[in-house]
Structure formats: C-alpha cells, structure tokens
Amino acid sequence: MSNHRKQSTTAFIFFCITISTVSLFSGDVSALGVNWGTMATHQLPPKTVVQMLKDNNVQKVKLFDADTNTMGALAGSGIEVMVAIPNDLLKAMGSYNRAKDWVRRNITRFNDAVKIKYVAVGNEAFLSSYNGSFINLTYPALFNIQKALNEAGVGDFIKATVPLNADVYNSPPENPVPSAGRFRQDIFEEMKLIVNFLAHNKAPFTVNIYPFLSLYLSSDFPFDYAFFNGQNTVNDNGVIYTNVFDANFDTLLASLRALGHGDMTVIVGEVGWPTDGDKNANIPNAERFYSGLLPKLAGNRGTPMRPGYIEVYLFGFIDEDAKSIAPGNFERHWGIFRFDGQPKFPADLSGEGKKKILTGAQNVQYLQNQWCMLNPNGHSFSNNTNQLGDNVNYACTFSDCTALGYGSSCGNLDEVGNASYAFNMYFQVQNQKAEACDFEGLAMITTRNISREQCNFPIQMGDPTSGHCDHSTRYGSSIVGLGLVSMLLLFVAI
C-alpha cells in the first residue's frame, strides 16, 4: 500500500485497498491471497511467516520487493508469489539491460524453487499525491520487464502487472454511477498504453480498493455502505449497488470497457480494514468487514457487472509499525495478525462464515516482562510541561504512538498514561536498553504490567536473556516524523 493514498470522490466515494488474491471456489478452493509487508522495527523470521501462511491455508502472497531472505523462505512452499519492483526502481527499469538483470537476479534464479506468477511493476505510482513523478516511468518499466520475462522463456506463465490505486478512475460528478466510469483525464494516454499492453500480453489489471478510506476521507459517506450488510444503495440505471466495493470494482470495469477491454482479468491487489489509529479503525469494524467480504469471495458472487470469481489479496497479513503514517495513523494497523504474528480476531478465511481462531506464529520469543513508565517522583506537571512534552515527542518520533490518537485504542489515557505509553514504546523498540528508559529522569522501569483496559502496553519480540534483538538495525528514518503528527493528538490533554 502506498504511503500517500488518495481516493477519488464520487457519490459512492472510492477507496484504496491493498487486498491479496482471494479466490475461493466452493468445492475447488483456490487459495486466499495476502499482502506480506515488512516495514517493521522487529520482524518475524521469514520462515515463521511462511509457516503461518501454510497453517492458515493461504496459498498466494503478494510482496513489495523481491528480498532474498523472503524468497528463500518461500522456496519449496508451493505458495504462489507476486514479487514487486518498488517505485524508486522504475526509472532504472527504463533501461532494458537493467530490466534483464533484475529478472535474472530476482526471477529466473528462483524459478525452480519459488512459484512466481506475477511481477508487480511499481505500487500505486499514479497517485495524485505523487504529482506525476512516476507517470512517464511506469509504462517503459512494464514494457521492459515483460520483454525480459519473455526473453528468459518464462513470459507465458509469469506476467508483469501494475498495481494501481482506485483513484486512477472515477465517474463524473454529473453522473456518479459505476457505468459512467472513466480513467482520469490527466493520465488517460498512459493508462491506455498500459491497458493495451496488458491485454496484448494476457496479463491482469491490478487495483487496490479501500472501503475504509471512503469513511476516513468523507464525513458524509454512508457508514453502512462501506460494509456488505448495510441498507444504503446506489441505483445505476436499475442496477442496485449495496456496497462501495462492488461499485468501485465496476467503475473500473466500465473504464476498461471504454478502452475496448471490458473483459480484461482484474486482480484486487489490496483490500482490508485497519484495527487501530482512527475512530473507525477497530476490531469490531474489521470483523464486520471481513465477515462480509470473505463469504462473498468464497461464494463467487462477484459484482453486478462481473458475477463470479474475483482474485483478491487481503491487506495485510501482519502489522507494520515502521510504515509512513502520511495517509493516517491507521497505516500501521492493517494486519489480520499483530506485529508478533498473533491473531487479532476470529476470521474464517475459507469464507464458510464460521468464527475461527487463526493460527498464529509459533515459538515467538519476547523481551523480559518489564515496561517503561513516567516516574511519579521525577515529574511535576505544573513545572515541567515543556520538558515532558519534548521527551514524549522524541519517544514518539522514534517509535509507534499511533494508538494514542483520537478514537484509537489508547485515545482515552490521561497525561500520565500518554507519557508512559510513549516512553514504553520507545523502550521496547530499543530492546529494553536501560538508557532507553531515562528521558532526563522522567521515566523508570517497572515489572508491573501498566496496560489499561483496552489499551495494551506491548512487550517487543526479542531474546529475553540478552535484552537485544538482531532486528533493531532495521529501525530507521521510516518512522521519523511520527512525533509531529501524533503529538498534535497526544497533547490535547497535557
């Protein structure tokens, strides 16, 4: 999922969803797909994640790169894989020699061991928020990658595709219905090139659809229309739409049809619901969303324009606490599993409608049972407000404080709770090093669990005997910048 997603706004408001391929046939189950993102300060070992995929009968996975360790863990698993070329490599892929080299290093050398089916060229590269940075780079990269796949002798069964956000198409304000869908005028020629090329190579169109963002971006959006069991409807010349997912998907089909490719295969590359970081991002809403989506996919109900099977990848598999929160605090909470690979809520990935507990990561090690909290003897609110604010801001800049936002799981904490949560998150990210729980004398280590009601103060993964985690070096500048955003929310009460 892109760090700067934006939804097109029509009467039914589009949403961007990173959804992994879910193709569930009654009688012939063809694998649920998920997105496996790795923007986390502490990651589960790739082999552990692959075992989670197997344990939950997830047979398709969409990646955001082609990391050697990830590919090595997938080798021999039989899991179908979509590897990816990040946006920052699109310019390089404009060189055919570079594209050939990328295919050699990331595709053909794994071909006998990893079941690669797709190569994602970029990720939501045409987002309006990118200001056209990748518009002229995407098609040349797509062309060269598919040409390199063909030349390597794998192009018949490995296809290049371009995951795009749902903001590349819309319906006009004067006729905001799916059948009026068209690609955006500012990228129309580029989209025409891409669609024609995909059709020529029998490759799918990949789109990310997010009903949640419809709610997030518009206070006027009808709440129930984001789900699959509401009462809100849109009438498109006698065709009734009861949810925004169907309306969004069919707007894309109408856009493709306008280019002469209404029968093109479409993959939903991302779709899901976050569980924290916003008033509508919570476990009950996520359960409601998935309890509607999964049976729909399993029953091959499709949409009004295209009844039948839709290939879908859920976004996402595991929470990523180092993702950019430019789109919103919810960005770090899309997983159906927590950061440590434990399930958040019951979900039936078979689509049979049964509430099942998913199988979590096995043999996960955690750091010691200790937390960092505000030292009641080291702080006076009346005298040290600025000092406390500066230290909390620092802690949240280098850790994940998104749960403290308005309407989030820890949004109702008092001043002491806010500060303690921030200090503990930093302490855990730093692998419980003693010096990471000082904050100019304002903090102290405790062995008492300081979690409060629905607000969990987590303990990070790691070796409990050493207090050190090998993943700590992965924590970099991707998190920097959270402080300024989260503190606007955090210090309302301080």
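Predicted model, so just to flag it, every value in this text is computed and none were measured.

A.B. asks: What exactly am I supposed to notice about the overall build of the chain here?
C.D. replies: Of the regular secondary structure elements, the chain holds 11 helices and 16 strands. Among the 494 residues that make up the chain, the fraction classed as buried is 59%. Partitioning the contacts of the chain with sequence separation of at least 6, the portion at a separation of at least 24 is 74%. Carbon and sulfur atoms make up 48% of the accessible area of the chain, which amounts to about 19,500 Å² in all.

A.B. asks: Would you mind going over the side chain of Thr 206 with me for this structure?
C.D. replies: Along the chain, Thr 206 falls in strand S10 (residues 205-208). A distance of 2.8 Å separates the side chain of Thr 206 from the side chain of Thr 161, its partner in a polar contact. Among all residues touching Thr 206, those that are not within four sequence positions of it are Thr 161, Val 162, Pro 163, Leu 164, Ile 267 and Gly 269.

A.B. asks: Just checking my understanding: could you explain the pattern of salt bridges for this structure?
C.D. replies: When the charged atoms of two side chains with opposite charge come close together, those side chains can pair. Within the structure shown, the criterion is met by 19 salt bridges. Among the salt bridges present, the one from Arg 332 reaches Asp 400, with a minimum N-O distance of 3.3 Å. Residue Arg 332 is found in the loop between strand S14 (311-314) and strand S15 (371-374), and its partner Asp 400 is found in the loop between helix H9 (385-397) and helix H10 (415-429); the two are separated by 68 residues along the sequence. For Arg 332, a relative accessible area of 2% gives the class buried. When its relative accessible area of 8% is taken as the criterion, Asp 400 is described as buried. When salt bridges with common partners are traced through the structure, they connect Lys 60, Glu 80, Lys 117 and Glu 311 into a single cluster.

A.B. asks: Explanation requested: the state of the cysteines in the structure shown.
C.D. replies: Any covalent bond linking the sulfur atoms of two cysteines counts as a disulfide. In this structure the tally under the stated criterion is 3 disulfides. Sulfur-sulfur distance for the disulfide between Cys 372 and Cys 437 comes to 2.1 Å. Handedness of the Cys 372-Cys 437 disulfide follows from its S-S torsion of about 90°: it is right-handed. Placement of Cys 372 in strand S15 and of Cys 437 in the loop between H10 and strand S16 (443-446) is noted, with a sequence separation of 65 residues between them. Exposure remark for Cys 437: the relative accessible area of 7% places this residue in the buried category. Each sulfur in the disulfide pair Cys 410 and Cys 455 lies 2.0 Å from the other. Between Cys 410 and Cys 455, the disulfide has an S-S torsion of 95° and is therefore right-handed. Here the residue Cys 410 occupies a position in the loop between H9 and H10, and Cys 455 occupies one in the loop between S16 and helix H11 (482-490), the gap between them amounting to 45 residues.

A.B. asks: Even after reading the chapter, I still don't get the environment of Val 416, so can you show me in this structure?
C.D. replies: For Val 416, the position within the fold is in helix H10. On the basis of relative accessible area, Val 416 is assigned to the partly exposed category, the value being 30%.

A.B. asks: Would you mind going over the pairing of strand S13 (residues 266-271) with me for this structure?
C.D. replies: Regular strands place side chains that alternate from one sheet face to the opposite one. Within S13, 6 of the 6 residues are buried, which leaves it mostly tucked inside the rest of the structure. Alignment of S10 against S13, held across 4 bridges, turns out to be parallel. Considered in S13, the bridge of Asn 208 is made with Glu 270. Strand direction decides the pairing type here: S13 and S14, joined by 3 bridges, are parallel. Bridging across to S14, Val 271 finds its partner in Leu 314. Each parallel crossover has a hand, and for S13 linked through helix H8 (residues 283-298) to S14 it is right-handed.

A.B. asks: Please clarify how unusual backbone geometry should be interpreted in this entry.
C.D. replies: Among all residues save glycine, negative phi is the norm, and among peptide bonds the norm is trans. Cis rather than trans, the peptide bond between Phe 315 and Gly 316 has omega equal to 0°. Relative to the helices and strands, Gly 316 resides in the loop between S14 and S15. Even without being a glycine, Lys 202 presents a positive backbone phi close to 55°. Along the polypeptide, Lys 202 turns up in the loop between helix H5 (188-200) and S10. If you check the backbone angles, Glu 453 has positive phi at about 45° while not being a glycine. Mapped onto the secondary structure, Glu 453 falls in the loop between S16 and H11.

A.B. asks: What am I meant to see in the packing of H9 against H10 here?
C.D. replies: In helix packing, the relevant descriptors are the interaxial angle and the interaxial distance, both defined with respect to the helix axes. Orientation of H9 relative to H10, taken along the N-to-C sense of each, is 40°, at an axis distance of 8 Å. Comparing the axis directions of H9 and H10 gives the class oblique. You can see that H9 and H10 cross each other, and the crossing is left-handed. Residue-level contacts link Leu 388, Asn 391, Val 392, Tyr 394, Ala 395 and Cys 396 of H9 to Ala 419, Ala 422, Phe 423 and Tyr 426 of H10.

Parameters and conventions
- Residues numbered from 1 in each chain as written.
- Predicted model: local features only at pLDDT ≥ 70, side-chain atom pairs only at ≥ 80, totals over all residues.
- Heavy atoms only, no water.
- Helix = DSSP H or I, 4+ residues; strand = E, 2+ residues; numbered from the N terminus.
- Buried < 20%, exposed > 50% of the residue type's maximum accessible area, 1.4 Å probe, protein only.
- Contact = heavy atoms within 4.5 Å.
- Areas by Shrake-Rupley, 256 points an atom, 1.4 Å probe, with all protein chains shown as cover.
- Polar contact = N/O pair within 3.5 Å; in protein donor to acceptor, adjacent residues only side chain to side chain.
- Salt bridge = Lys/Arg side-chain N within 4 Å of Asp/Glu carboxyl O.
- Disulfide = S-S within 2.5 Å.
- Pairing = 2+ DSSP bridges.
- Right-handed = clockwise from strand over helix to strand, strands pointing away.
- Axes fitted to C-alpha atoms, helices over the stretch in contact; angles between N-to-C directions.
- Parallel < 35°, antiparallel > 145°, perpendicular 65-115°, else oblique.
- Left-handed = near helix turned anticlockwise from the far one by under 90°.

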